[in-house]
Amino acid sequence: MLKTRYTIAYVALMTLVVVASNFLVQFPLNAEVAGINLADILTWGAFSYPVAFLITDLTNRQFGPQAARKVVFAGFVVGVTLSFFTSVPRIAIASGSAYLAGQLLDIAVFNRLRRQAWWRAPLVGSLIGSALDTVMFFSLSFAAFFVFLGPNEPFALEVAPVLGVFATEAPRWISWALGDFAVKMIVGLVMLLPYGALMNVLRPMQAARAS
């Protein structure tokens, strides 16, 4: 019964994060740092989405990988459904695929490292999962090679200075991906604070410790 109540709570939180991220991704971050116009490479969704890894890791810590996968799949259903209603099919496919792959990789890495230093499993798992999520989403969404998923976006494929400031040039979506991953790394580090604070509250159940 306790596991069911907590799992429902985790699913609700994951759903909230996915819904919020789908909404916030519509709003660019209007600021400039070191000559970089952040509105060209970031949206507010980049800040809310990494919270999904915190929810997955807390579920994994308390109840093990099987429960964590259930929470991830619930978020996947919500995310894909929302994406098909709010964006073009190619973006929906990219979003759902990247989310599922990144979260499942996070679960696998977390479970392998869960008996090491308390911070290692959530940090390494979220960073590696975020890297895969970022590569998959931006590649599937904008790389010319994946045109079979839907029409290419000409603006994303235009060559421009990386991050708008470097001499090296690349398609714009490369800068979008780099900016997105940079934020995910920062938020991943910040998420260690709530994870550490909740460690003594959300203790692993016996099944999770044995996983």
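In this text, all values refer to a predicted model and were calculated from it rather than measured experimentally.

> Is there a simple way to explain the confidence of the model for the chain in this structure?
Do not read the fine detail of predicted coordinates wherever pLDDT is low. Mean pLDDT over the chain: 90, with 96% of residues reaching 70 or higher. Helix α6 (residues 120-142) holds the highest mean pLDDT among the elements of the chain, 96, whereas helix α10 (residues 206-210) holds the lowest, 57.

> Sorry, what's going on with a nonpolar patch on the surface here?
A surface patch of nonpolar side chains, amounting to about 390 Å² of accessible area, comprises Phe23, Phe27, Trp44 and Phe47. One can find Phe23 in helix α1 (residues 2-24).

> When you look at the nonpolar core in this model, what are you seeing that I'm missing?
In a soluble, globular protein the nonpolar side chains are often hidden away together inside. Counting 45 residues, the largest nonpolar core has Tyr10, Met14, Ile41, Leu42, Phe142, Trp173 and Trp176 as its most contacted members. Counting residues per element, the ones that place at least two in this core are α1, α3 (51-63), α4 (65-86), α5 (89-113), α6 and α8 (172-190). When residues in this core are grouped by element, the largest group, 7 residues, is from α5.

> Hey, could you run me through the pattern of salt bridges in this one?
Pairing is possible between side chains that carry opposite charge, provided their charged atoms lie close to one another. The full count for this structure, using the stated rule, is 3 salt bridges. In this structure, Asp133 engages Lys184 in a salt bridge whose closest nitrogen and oxygen atoms are separated by 2.7 Å. A residue pair is termed long-range when its members are at least 10 positions apart, and Asp133 in helix α6 and Lys184 in helix α8 qualify at 51 residues. Judged on exposure class, the residue Asp133 and its partner Lys184 are both buried.

> Is there a simple way to think about the packing of α6 against α8 in this case?
Packed helices, taken two at a time, are described by the angle between their axes plus the distance between the axes. Where α6 meets α8, the axes come as close as 10 Å, and the angle between the chain directions of the two elements is 160 degrees. Taken as axis vectors, α6 and α8 run roughly antiparallel relative to one another. The element α6 and its partner α8 pack so that their crossing is right-handed. The residues of α8 that touch α6, namely those facing Leu123, Ser126, Leu127, Ser130, Ala131, Asp133, Thr134, Phe138, Ser139 and Phe142, are Trp173, Trp176, Ala177, Asp180, Phe181, Lys184, Met185, Gly188 and Leu189.

> Sorry, what's going on with the UniProt feature "transmembrane region" (unreviewed entry) in the chain here?
The feature "transmembrane region" (unreviewed entry), as given by UniProt, occupies residues 7-27, 33-55, 67-85, 91-111, 123-149 and 181-202 in the numbering adopted here. Across residues 91-111 one finds 100% helix and 0% strand; the C-alpha atoms that close the span lie 30 Å apart.

> Help me understand the layout of surface pockets in this model?
Where empty space is left becomes clear once a probe the size of a water molecule has been rolled over the atoms. In this model, the largest pocket occupies a volume close to 1,100 Å³. Forming the walls of the largest pocket are 45 residues, and the residues nearest its centre are Val25, Thr43, Phe137, Phe138 and Phe142. Mapped by element, the contributors of at least two residues to the lining of the largest pocket are α1, α2 (45-48), α4, α5, α6, β3 (159-161), β4 (169-171) and α8. When residues of the lining of the largest pocket are assigned to their parent elements, the largest contribution, 6 residues, is made by α4.

> Please clarify how empty space enclosed by the protein should be interpreted in this entry.
Evaluation of the coordinates by the stated rule reveals 1 cavity of 30 Å³ or more. Volume-wise, the largest cavity comes out at about 90 Å³. Around the largest cavity, the lining residues are Pro50, Phe53, Leu54, Asp57, Pro122, Ser126, Ser130, Lys184, Gly188, Met191, Leu192 and Tyr195. Secondary structure elements with two or more residues in the lining of the largest cavity: α3, α6, α8 and α9 (192-198). When its residues are assigned to classes, the lining of the largest cavity shows 7 nonpolar, 3 polar and 2 charged.

> I'm lost on the packing of aromatic side chains in this one. Help?
Working definition: an aromatic ring pair is given by the centre-to-centre distance plus the angle between the planes. This structure, assessed with the given rule, holds 15 aromatic pairs. Between Tyr6 and Phe63 the ring centres are 5.9 Å apart and the planes differ by 55 degrees, which places this aromatic pair in the tilted class. With Tyr6 in helix α1 and Phe63 in helix α3, the pair connects residues that are 57 residues apart, well separated along the chain. Tyr6 sits in the partly exposed class, given a relative accessible area of 29%. Through pairs of rings, three or more aromatic residues link up here, namely Phe137, Phe138, Phe142, Phe155 and Trp176.

Conventions and cut-offs
- Residues numbered from 1 in each chain as written.
- Predicted model: local features only at pLDDT ≥ 70, side-chain atom pairs only at ≥ 80, totals over all residues.
- Heavy atoms only, no water.
- pLDDT = per-residue confidence, 0-100.
- Helix = DSSP H or I, 4+ residues; strand = E, 2+ residues; numbered from the N terminus.
- Patch = residues over 30% accessible without salt bridge, like charges linked within 9 Å, V, L, I, M, F, W, Y side chains within 5 Å.
- Areas by Shrake-Rupley, 256 points an atom, 1.4 Å probe, with all protein chains shown as cover.
- Salt bridge = Lys/Arg side-chain N within 4 Å of Asp/Glu carboxyl O.
- Core = buried A, V, L, I, M, F, W, Y, C linked by side-chain atoms within 4.5 Å.
- Buried < 20%, exposed > 50% of the residue type's maximum accessible area, 1.4 Å probe, protein only.
- Axes fitted to C-alpha atoms, helices over the stretch in contact; angles between N-to-C directions.
- Parallel < 35°, antiparallel > 145°, perpendicular 65-115°, else oblique.
- Left-handed = near helix turned anticlockwise from the far one by under 90°.
- Contact = heavy atoms within 4.5 Å.
- UniProt positions renumbered as here; feature names shortened; annotations may be inferred.
- 1 Å grid on protein atoms, 1.4 Å probe; cavity = no way out; pocket = protein on both sides within 12 Å on 5 of 7 lines; lining within 4 Å.
- Points joined across faces, edges and corners; volume = space filled by probe spheres on them.
- Nonpolar A, V, L, I, M, F, W, Y, C, P; charged D, E, K, R; others polar.
- Phe/Tyr/Trp six-rings, centres within 6.5 Å; stacked < 30°, edge-to-face > 60°.

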